[in-house]
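Observations on chain architecture
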Protein chains: 2
Amino acid sequence: MSGAQDLSLLFEPRSVALIGASDRAGSIGGYALQNITEHSDFTGDLYLVNPRRTDIGGRTCWPSVAALPATPDLAMLAVPAPDVLPALQECAARGVRFAIVFTSGFGETGEEGKALEAQMREIVAQSGMRIYGPNCPGLTNVNRRLGLTFSPAFKLDLLAGPIGIATQGGGLGRCLLQAMQRGIGVGVWTSAGNEVDLEVSDFIHHMAGATGIEVIATLLEGVRDGARFLHAVRHAALQRKPVVALKIGRSEYGRRAAQSHTASIAGSAEVNSAVMRQMGVIEVDDIDELIDTAALLARARPGPAEKIAVFCSSGGTAALSADMIGSAGLELAEFQGRTRAELAGLLPSFASATNPVDTTGEIMRDLEAMTATLRAVVSDPAVGLVLYPIPLEYGPVTQVVAESVVRVQRETSKPIVAVWMSDRLGAGYDVLVDGGLMPFRSVGKAVKAIARWVAYGQWRLRADATAVPEPLQLSAPRGQALPDVSTEPLAKAWLAGHGIPMPAHRLARTLAEAQEAAAAMGWPVVAKVASADVLHKSDAGGVAVGLRNADELAQAWERIHHSVAAALPNARIQGLLIERMAPPGGVETLVGVHQDECFGPVLSVGLGGIHVEVLKDVSRRLLPIHLDDARDMLRELRGHAILRGVRGQPPRDTESLARTLVAVSDLVTAHHGAIAELEINPLWVGAQGQGVLALDALAIPSGDHAT
Amino acid sequence: MSGAQDLSLLFEPRSVALIGASDRAGSIGGYALQNITEHSDFTGDLYLVNPRRTDIGGRTCWPSVAALPATPDLAMLAVPAPDVLPALQECAARGVRFAIVFTSGFGETGEEGKALEAQMREIVAQSGMRIYGPNCPGLTNVNRRLGLTFSPAFKLDLLAGPIGIATQGGGLGRCLLQAMQRGIGVGVWTSAGNEVDLEVSDFIHHMAGATGIEVIATLLEGVRDGARFLHAVRHAALQRKPVVALKIGRSEYGRRAAQSHTASIAGSAEVNSAVMRQMGVIEVDDIDELIDTAALLARARPGPAEKIAVFCSSGGTAALSADMIGSAGLELAEFQGRTRAELAGLLPSFASATNPVDTTGEIMRDLEAMTATLRAVVSDPAVGLVLYPIPLEYGPVTQVVAESVVRVQRETSKPIVAVWMSDRLGAGYDVLVDGGLMPFRSVGKAVKAIARWVAYGQWRLRADATAVPEPLQLSAPRGQALPDVSTEPLAKAWLAGHGIPMPAHRLARTLAEAQEAAAAMGWPVVAKVASADVLHKSDAGGVAVGLRNADELAQAWERIHHSVAAALPNARIQGLLIERMAPPGGVETLVGVHQDECFGPVLSVGLGGIHVEVLKDVSRRLLPIHLDDARDMLRELRGHAILRGVRGQPPRDTESLARTLVAVSDLVTAHHGAIAELEINPLWVGAQGQGVLALDALAIPSGDHAT
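A brief look at the structure comes next. (Residues numbered from 1 in each chain as written. Chains lettered and ligands numbered in written order. Predicted model: local features only at pLDDT ≥ 70, side-chain atom pairs only at ≥ 80, totals over all residues. Heavy atoms only, no water.)

The full count for this structure, using the stated rule, is 86 salt bridges over all chains. Across the pair Asp628 of chain A and Arg631 of chain A runs a salt bridge whose closest N-O atoms are separated by 3.0 Å. Residue Asp628 of chain A and its partner Arg631 of chain A are located together in helix α22 (residues 627–636), separated by three residues, close to a single helical turn. A salt bridge links Glu636 of chain B to Arg621 of chain B; the nearest nitrogen and oxygen atoms lie 2.6 Å apart. With Glu636 of chain B in helix α22 (residues 627–636) and Arg621 of chain B in strand β25 (residues 618–622), this residue pair connects regions lying 15 residues apart in the sequence. A residue is classified by how much of its surface remains accessible, and Glu636 of chain B, at 35% relative accessible area, is partly exposed. (Salt bridge = Lys/Arg side-chain N within 4 Å of Asp/Glu carboxyl O. Helix = DSSP H or I, 4+ residues; strand = E, 2+ residues; numbered from the N terminus. Buried < 20%, exposed > 50% of the residue type's maximum accessible area, 1.4 Å probe, protein only.)

Structure representation (structure tokens):
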């Protein structure tokens, strides 16, 4: 099923049937009934279904869905596992649009449960009714004060807000909701458990279009369907709603645990991260970072180049915070002269009136002075965000500090990021929470969130300047088939035809042809065996380099034919590929495209030698890419300095390299679906102006991995 | 002054004079008086000094220190800044041992204040009285319930415990103390402000010897005196007391801010970190990590190879936690069959009875079952520590969880690291705190602390097997002077004499000598100009490589003399150094020793080419080192795989390389104080069994940096 279906009636049904309604204390049906009748503002029609009761608490009970007086938009199933499938069938037959299945005892219990889930999917496929669950707590639409959930905690977590949360399991989702304690409001939460049909991606897509939701936070144990995920996050990007994601599966332990928990395939952590970065999805490392980053983005959207002010009344804390800002690669704002003069007038002479600002403790008891000082900093045009660490609870003094922060935050749209560093809470903390400041609890975590906020502003700038990326998997029609690329000459001819620069080369079937070709292109040359039967040319003795004249070429001709015949007696040899040697002193790079099983074609580039193999220094993108993306990819390499020119070497022709990456992207797009793998290794990169040269290349058509 | 003086009477004075005693509300003298009389268990003699009063609250006031009936061990100064120096002089004259100066208005205010601090140091030098401060809150000896401080917060932070804290500024120190709210007890806290005399290192040294202190946490804006710091942390290591440190100054912003705050020189972050790692000091990245790591070490000491169990009742949280354990490079324990069987008997069939353990929510309400399950995990011999993330506050259910944790922790010395992930606290949280569990607040921070705990166990193993390192700066007498090493032949001869392997080489003064030498050592050879006046031989055309016979050598002889004469007409040329070429296919490394201005001689090793310059992949140690250290240094390199042999290359002779590092260490030790800089670049490393060869070397004697 496409994930792009309108889910509004799931989140805001006009009518709901509760199948398995109950007034038994502690039962799922009982909690669900209480949540919708006592703790929700639900004004639609509610139908209770329970064949063993005629009424519950004065409300009519119907014996079945079929017997209902009207068809509900949504059915919630709180019946025992054996009754779930019949009830779903009944709902589907009645034309119900959405069904939430709370009941557990399915896929999570083993093979039998998985078979039952397959039957649920069958119902979806045949009826079009969408299923949410099973084995899930349901969903919470806080902004409408609507609990379609049996969770007894629903009534405790009702602070509305602009954040939408999409999780798989329930525990971590509820953990995120409890950030409401810090004043972080959450508008919608979904937790679809075993996700037989509707899954995290569908909810991201829905939230991207939902009024009242401005930021989406998601926790992924695995991406079940890459296209659905890409579609969802792209939709969010187009709606200008940031998506913050925590993805389990960076280590082998995590991959195994996620798989055993939700049967998700974690995929390659490197590809996952590259895809998220490319699509503007903000990847975080921990649960608290997920909600913190989302909350910061909900408070204010970053511009393209935000700089930070540190404001503090403790010199050590100011120094520590500035240090962490620097280590995170962020920039401290340089105050204007006017700001510095204003601060100098407000602060004691030994305070720091530059960034980081250390007011010293002297003026901390003076609300007006603290407010004026902070206001001066926030008003400086160079400042995009203020980091305000509060190292300790000091009773009324800290309360003054907190009040000044709340006061200045009310006057400005620039975020003031307050950090309550102490384990002791107090009145000042409450002032911050009540004032909407959503205090962080550690400087390090605050700086991480700020770094992500700044990076999102940079991504947004790029997306606005060009476009939100649209990966091939979403957009591209199946392209042309590949020509015969089974030998190096054929692969090279094909690549050259698509704008990949090559050294002069010619397939020679006789020695005379070879010598003539070499003389025409200029010595020295390389000679390589041309045969679809020789995969590893060097291993078979099929390569000779640095041939300086006709004699050396003649010797090489003999030697190669002899070696290959000895190594692979059955290989059919077409001749030798004669190729002009690349000039000395180039840098070797490696460019490849492979099909990620989740996300489709991925382009990789790295420096040759140890960089890719030993140092794992690779930059990746989903295709297609634009020239700016290609330049970014090169800049992202840790070894980028080598391309800029180190140790007396000239700068490399990175522009030609970037253009070649785009040419590869165009080529793969034109043959979308037809290429299993493409590798140019090495791609020689000359000094600026010398261009690049594909020295060896290999292309494997789809469905043909064996050749 | 040496930092090793006995400070017991500062921390536990038998008698104290409070100079500037007061009963004025809110005054420094008033608070200090209250703290010692009302909130401390001080049973010694207390003398109040205030010339304007005869008594305060019934206690006699003396007009001056000179007038006191006896000499106090300690004087606390709460007088205005202009009165501080006269009071200090009076104390020194009276024979007072220690003076705490609360008063501010000195070095932190500018040059005038710095001059006054110089006078304080003068008093210390002449009298032997030690000064603590000025511009500081004093110190807190919680384990003796003694507040030698004016801080009105003293009375709030009185949970005794095994952690000693040494900070410079007061704000962050108090922040650390407030971790008492989580049940983390702190025995002693020092915060000596401007540190004119006693400094952080002195307090670390003291705490290392102090009864009741088991772990030391310190926050450093800069290390003022490297030897004092090394002495202190070495003493702590010998006393088996871990030191956890947060050092400001990793980024340029931090270095600048720390310098403006406490006038500390931050030094090289890389050298600082290397020194700490070598000395077993556990470096952390944030304030909360400082106290968290110290608290974990205070709860239990790690063995040499601890493995982790993850225990949780939420599948997603278990998967996330396992993922983070893996990403941190930690190992999950593999349960014994008996443990797995026991868990299978206790848990529902769809729970995870392997590591990570997911009990599922089913049994969470059952205290006995939760206790038995956790007990089974803790009892597994493979488990060294249990990470127990609690994702949310769920009222009585979470309380049951917390009670089971506390119960099992009482039965075992293995630490159970509970993480209270929710922003909502509750009864379960209080149960954990009261039960001594010191809950963490984020999984990521818990995993970082665990990783440091495990690493400390590994360091301890090494220190126990060999010895706690004793850097040259602490121990070595000044060594022999350097011979004349002003030319490459002289430097090489000297190095060869100290066991650094060299290619065959000879200084030739005539072409005939050169040809004879080359023939004797075997072609091909390298020829290099030998002249104390030619620093950059290649730039002056003074090097020729790959000379294959007498003719080529003759041509090179002419060419080199000609080029050098053209480039440097005044250079006095001694001849050419003729050297056997290293065999092809080696790996080039770079070995250097430099004098760190804070810590003395530092040995660095890295791979040649881009590794050091571009990738900053360098391993460092204070000298001297042992063979095991040398092996560790090589293993620490990110590019270590290159030495192990990649891309079809054979493994390198890392043992010879390690032995050569030790030879360099011995050499520098023998000439301690005489070498400003030493560099072997490149040091060629052959395949296993081929050894290493110093191809070029440079030594600069101390005090002779200009040559």
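Both the distance between ring centres and the angle between the ring planes are used here to describe each pair of aromatic rings. For the coordinates displayed, the defined rule picks out 14 aromatic pairs over all chains. An aromatic cluster of three or more residues is present, and its members are Phe11, Tyr132 and Phe203 of chain A. (Phe/Tyr/Trp six-rings, centres within 6.5 Å; stacked < 30°, edge-to-face > 60°.)

Further remarks concern the sheet that holds strand β9 (residues 146–149) of chain A. Residue and element names in this part refer to chain A. The seven strands are arranged β9-β8-β11-β10-β12-β13-β14 in an open sheet whose pairing can be described as mixed. Looking along the sheet, the strands with just one partner apiece sit at the ends: β9 and β14 (282–284). Averaged over all pairs of adjacent strands, the angle between strand axes in this sheet comes to 15 degrees, irrespective of strand direction. The pairing of strand β8 (residues 138–141) with β9 spans four bridges and is antiparallel. The residue bridging Leu139 from the neighbouring strand is Leu148, located in β9. (Pairing = 2+ DSSP bridges. Axes fitted to C-alpha atoms, helices over the stretch in contact; angles between N-to-C directions.)

Attention now goes to the pairing of β8 of chain A. Residues and elements named next belong to chain A. The antiparallel pairing of β8 with β9 creates a hairpin that spans four residues between the two strands, and Arg145 there sits at a positive phi of about 50 degrees. As paired elements, β8 and strand β11 (residues 186–191) share four bridges and run antiparallel to each other. Bridge pairing in β11 places Leu139 opposite Thr190.

Once that is clear, we can look at the relation of the copies chain A and chain B. Relative to chain B, chain A is turned by 180 degrees and slid 0.0 Å along the rotation axis, the superposed coordinates differing by an RMSD of 0.2 Å. Between the two chains, the operation in question is that of a two-fold axis. When C-alpha distances to the rotation axis are compared across chain A, the minimum falls at Arg441 of chain A, with a value of 4.4 Å. When you check the interface residues of chain A against chain B, 100% turn up at the interface there too, and the contact is symmetric in its surfaces. (Least-squares fit on C-alpha atoms with pLDDT ≥ 70 in both. Contact = heavy atoms within 4.5 Å.)

Moving on to helix α3 (residues 81–94) of chain A. Residues and elements named next belong to chain A. Its 14 residues give α3 an end-to-end C-alpha distance of 21 Å, which sits within 8% of 20 Å, the value for a rise of 1.5 Å per residue. When α3 is considered as a whole, its buried residues turn out to be Val84, Leu85, Ala87, Leu88, Cys91 and Ala92. Tucked inside the fold, the buried residues of α3 contact β1 (15–19), β5 (74–77), β6 (98–101), α4 (111–127) and β7 (130–132). (Expected span 1.5 Å × (residues − 1).)

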